[in-house]
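What follows is each chain in one-letter form.
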Amino acid sequence: MITFAERSDALSEQLRELEHQADDGDQLFYCAYLLGLLGLHSAVEGEGAEEFDAYFETELKTTLAAEGVTDKDQDAILGLWKQVTQ
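In this text the structure is predicted, and so the values were computed from the model without any measurement.

Peer 1: Describe the packing of aromatic side chains, with residues and values.
Peer 2: Here the structure, examined in full by the defined rule, presents 7 aromatic pairs. Between the aromatic rings of Phe56 and Trp81, the centroid separation amounts to 4.6 Å while the plane-to-plane angle is 45°, which identifies the pairing as tilted. On the criterion of sequence distance, the pair formed by Phe56 in helix H3 (residues 49-66) and Trp81 in helix H4 (residues 71-85) is long-range, its members being 25 residues apart. Note on accessibility: Phe56 and Trp81 belong to one class, buried. What links up through ring pairs into an aromatic cluster is the set Phe4, Phe52, Tyr55, Phe56 and Trp81.

Peer 1: How would you sum up helix H2 (residues 25-41)? Please name residues and give values.
Peer 2: Helix length check: H2, at 17 residues, gives a terminal C-alpha distance of 25 Å against a target of 24 Å (1.5 Å per residue), a fit within 8%. Taken together, the buried positions of H2 are Tyr30, Cys31, Tyr33, Leu34, Leu35, Leu37, Leu38 and His41.

Peer 1: I'd like a description of the nonpolar core, backed by residues and values.
Peer 2: With 21 residues, the main nonpolar core has Leu15, Leu34, Phe56, Leu60, Ile77, Leu80 and Trp81 as its most contacted residues. Only helix H1 (4-21), H2, H3 and H4 provide two or more residues apiece to this core. Top contributing element to this core by residue count: H2, with 7 residues. In this structure Ile77 touches Phe29, Tyr30, Tyr33, Leu34, Leu60, Leu64 and Val69, once residues within four positions along its chain are discounted.

Reading the values: the criteria
What you see as residue numbers is a count from 1 along each chain, following the sequence as written. Totals for whole chains, interfaces and linings use every residue, but because this is a predicted model, local features are given only for residues with pLDDT of at least 70 and side-chain atom pairs only at 80 or more, for both listing and counting. Excluding hydrogens and water, the side-chain figures rest on all heavy atoms present in the structure. Under the pairing criterion, centres of Phe, Tyr and Trp rings, with the six-membered ring standing for Trp, must be within 6.5 Å; the plane angle then separates stacked pairs below 30 degrees from edge-to-face pairs above 60, leaving the rest tilted. A run of DSSP states H or I qualifies as a helix once it reaches four residues; a run of E qualifies as a strand once it reaches two. Both are numbered from the N-terminal end. When a residue's accessible area, from a 1.4 Å probe over protein chains only, is under 20% of the maximum for its type it is buried; when over 50% it is exposed; and in between it is partly exposed. How far a helix is expected to stretch is found by multiplying one less than its residue total by 1.5 Å. By convention a nonpolar core is built from buried Ala, Val, Leu, Ile, Met, Phe, Trp, Tyr and Cys residues, the set being connected through side-chain atoms within 4.5 Å. Contact criterion: two residues are considered in contact whenever any of their non-hydrogen atoms come within 4.5 Å of each other.

The structure is reproduced here in structure tokens:
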């Protein structure tokens, strides 16, 4: 079974590829935001891709709200998260 660290690394790689392909500043920001947060949570112990995704999405939503990220940016970041986890 995949560990949380392995899942975080795989998602980070996908985001880095999207970041390199980004053609606007907003997309770069969304990728960088998720990459930064993934880095903070990559050391959490656990197993399972679905389990990590559920854990991280909860943390992501909490962080977005706490940091006062605009609704537009929250929607875009969550949309990007859904894209890379499918």
